[in-house]
Amino acid sequence: MRRKAAAALLLGAATAFGFAPFGLFPLPLVTLALLFVLWRKAGTPARAAWLGFAWGLGFFLAGVSWVYVSMHDVGGMEAPLAAVATFLFCALLALFPALAAFLFSRWKVGTPWRDAGLAAGAWTLAEWLRGWVLTGFPWLSLGYSQSPPSPLAGFAPIVGSVGVGLIVAFLAAALAFHRCRGWIAVVGVALLGLGLRDVAWTAPVGEPVTVNLLQGNIPQSIKWVPERLPLSIETYARLAAARKADITVLPETAIPLMFDNIPRDVLRALTRHGDALLGVAVRTKDGGYTNGAVAITPDMAVQGYAKTHLVPFGEYAPPGFGWFFDLVRIPMSDFTAGPPRQKPLAIAGQKVMPNICYEDLFGEEIIRALPEATLLVNLSNTAWFGDSLAQPQHLQIAQMRALETGRPMLRATNTGMTAAVAPDGTVTAALPSFTSDVLSVQVRGHAGMTLYARWGNGLALLLAICVCLPALLRAYRQRGSR
């Protein structure tokens, strides 16, 4: 059993190479197939769960190791404590593939196609739970590995990243339990996905606009130091003046002040060429503050968006965990969440829907703004994660959101990756990370609704339940006849 657990651990670690920046998108299909073989031969549900846990531990330790960077390198937590916290966080995430393995082993019936459906459905439902329990952490969900150029990206506008993950899991299970026909299924589904890549689910609307995406590259270690405030202001004022644009976009909390404390001459500098969208903390009426995105016109007219989905242990302390902020230095760690439904901002003839930092992990929250929104803009500060896998992984998530909505997704970040993503999920332009520069792009808003935008994750979850049913019914009959 130890050898099997070690093998599962290594398979999990290898699966991380299927995601950005490595982009080996066929790899998760293979590693998951081998994991399912181990599950099937585990003998008992408890042993299968242990293999699922080992796989998850290897996967998350390899894929989200940047959690350590944020706590130790940037947050100042003592190295041993940060290492233990990272391990425990990854172990918590590993419970979800362990749950999928337990359910599979508990209900498998020994019939290849029924067991394939059960494995895929259990995997998908457990992964969906990971994106929901305790406010959710769907980072590195299986579907993200299939962003372009994967042919399976063609299914994203229909069933979203959750559904794409279901397809990958089913094909992996088919390979594991019915090798020859499994390969036929892989080829057939890939060809269908390629065909779907040519379907235009939405259409351009309005005139093209020029957008400048600013990347200031302000180190997190000095960003909130009062004496270094002029550096942030001068950097973004200089970048905003560098090129003409209809819209100038600054990243999350670009100016480390409350919005009402920013001098008027600074706001005028940012709107020198046109409208600006600024990531900044905004004071609330009750004395709190939100993580906001504020749209400003040259005549100082203002619209705002307040971040809805806050990061636990980063932007607020869950009940009973206030002591965490005694161990790590996180400025402005008591944000107030904005309302769940907010209208897009009218900027330069477009209906712009901002999302801030990891809000774009939650596809069903992004589609709340549709069909009204024509353009999606993500404002992030990934300086918290240093030079790690977090940046390319986050860009890959943005690719999936563009596919699901049929809208362009623009990203303005402090240290990277500032980029433009087309409605088909392809990255059309990007700045090198850790540079101070402007990414100038011309973009058209899009109108219309993908199937995912209409149904959210509902269709994917229904399919996950349906593919489980044949095995569950067979298992019920077998046990009832005993």
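A. Representation of the overall build of the protein chain within the structure. If you tally the helices and strands in the protein chain, you get 15 helices and twelve strands. Expected size for 482 residues packed as a compact globule is a radius of gyration near 23 Å; at 23 Å, the protein chain falls within 12% of this value. Each principal axis of the C-alpha distribution contributes one length, and for the protein chain these read about 80 × 50 × 40 Å. Within the protein chain, the proportion of its 482 residues that are buried is 57%. Roughly 19500 Å² of accessible area belongs to the protein chain as shown, and the carbon and sulfur atoms make up 64% of that amount.

B. Spotlight on helix α4 (residues 66-74). Along α4, the residues that are buried comprise W66, V67, V69, S70 and M71. Contacts made by the buried residues of α4 are with α3 (45-63), α5 (79-107) and α13 (390-405).

C. Representation of the packing of aromatic side chains. Applying the stated criterion across every chain, the model contains 20 aromatic pairs. Look at W55 and W123: their rings are 5.1 Å apart centre to centre, the planes differ by 80°, and that puts the pair in the edge-to-face class. Here W123 lies in helix α6 (residues 112-130) and W55 lies in helix α3, a separation of 68 residues in the sequence. Note on accessibility: W55 and W123 belong to one class, buried. Linked through ring pairs, F19, F36, W39, W55, F59, F60, F104, W123 and F177 together constitute an aromatic cluster.

D. Layout of a nonpolar patch on the surface. Residues L92, L95, W132, V133 and L134 make up a contiguous nonpolar surface patch of about 530 Å² in total accessible area. With respect to the element layout, L92 can be found in helix α5. Overall, L92 belongs to the partly exposed group, its relative accessible area being 41%.

E. Looking closely at unusual backbone geometry. With an omega of 20°, the peptide bond between P148 and P149 qualifies as cis. As for its placement among the helices and strands, P149 is situated in the loop between α6 and α7 (156-177). Located in the positive-phi region is T253, a residue other than glycine, with phi close to 40°. As for its placement among the helices and strands, T253 is situated in the loop between β2 (247-249) and α11 (264-270). By relative accessible area, T253 is classed as buried at 7%.

F. Local environment of the nonpolar core. With 123 residues, the main nonpolar core has F36 and L277 as its most contacted residues. Broken down by element, this core gets its largest block of residues, 14 residues, from α7. Ignoring any residue separated from it by four or fewer positions in sequence, one finds L277 in contact with T248, V249, L250, A293, V294, A295, L345, I347, V352, P354, V377 and L379. I222, I233, A276 and V280 belong to the second-largest nonpolar core, a separate cluster that totals 23 residues.

G. Fine view of α7. Over its 22 residues, α7 extends only 26 Å from the first C-alpha to the last, a length that falls short of the 32 Å expected when each residue adds 1.5 Å. The largest bend in α7 amounts to roughly 75° and is located at V162. A large share of α7 lies buried, amounting to 21 of its 22 residues.

H. Spotlight on the packing of helix α2 (residues 27-40) against α6. The interhelical angle for the contact between α2 and α6, taken along N-to-C directions, is 110°, at an axis separation of 12 Å. In terms of orientation, α2 and α6 fall into the roughly perpendicular class. For the pair α2 and α6, the crossing hand works out as right-handed. For the pair α2 and α6, contact is made by L32, L35, F36, W39 and R40 and by P112, D115, A119 and W123, respectively. Here the residues of the contact of α2 with α6 are counted per class, giving seven nonpolar, no polar and two charged.

I. Up close: a positive patch on the surface. A cluster of basic residues, K4, K41, R47 and R179, forms a positive patch on the protein surface. Mapping K4 onto the fold places it in helix α1 (residues 2-15).

J. Highlighting the sheet that holds strand β11 (residues 427-430). Taken together, the six strands give an open sheet; going across it, the order is β6-β7-β8-β9-β10-β11, and neighbouring strands pair in mixed fashion. Looking along the sheet, the strands with just one partner apiece sit at the ends: β6 (345-347) and β11. Strand-to-strand twist across the sheet, computed as the mean angle between neighbouring axes with direction ignored, equals 25°. Bridge count between strand β8 (residues 375-380) and strand β9 (residues 409-413): five bridges; the pairing is parallel. Bridging across to β9, N378 finds its partner in R411. Strands β8, β9, β10 (419-421) and β11 of the sheet are contacted by α13, whose axis makes an angle of about 155° with β9.

The rules behind each value
- Residues numbered from 1 in each chain as written.
- Predicted model: local features only at pLDDT ≥ 70, side-chain atom pairs only at ≥ 80, totals over all residues.
- Heavy atoms only, no water.
- Helix = DSSP H or I, 4+ residues; strand = E, 2+ residues; numbered from the N terminus.
- Rg over C-alpha atoms; globule rule 2.2 N^0.38 Å.
- Buried < 20%, exposed > 50% of the residue type's maximum accessible area, 1.4 Å probe, protein only.
- Areas by Shrake-Rupley, 256 points an atom, 1.4 Å probe, with all protein chains shown as cover.
- Contact = heavy atoms within 4.5 Å.
- Phe/Tyr/Trp six-rings, centres within 6.5 Å; stacked < 30°, edge-to-face > 60°.
- Patch = residues over 30% accessible without salt bridge, like charges linked within 9 Å, V, L, I, M, F, W, Y side chains within 5 Å.
- Salt bridge = Lys/Arg side-chain N within 4 Å of Asp/Glu carboxyl O.
- Core = buried A, V, L, I, M, F, W, Y, C linked by side-chain atoms within 4.5 Å.
- Expected span 1.5 Å × (residues − 1).
- Bend = angle between axes of the 7 residues up to and from the residue.
- Axes fitted to C-alpha atoms, helices over the stretch in contact; angles between N-to-C directions.
- Parallel < 35°, antiparallel > 145°, perpendicular 65-115°, else oblique.
- Left-handed = near helix turned anticlockwise from the far one by under 90°.
- Nonpolar A, V, L, I, M, F, W, Y, C, P; charged D, E, K, R; others polar.
- Lys, Arg positive; Asp, Glu negative; His and termini not counted.
- Charge placed at Lys NZ, Arg CZ, Asp CG, Glu CD.
- Pairing = 2+ DSSP bridges.

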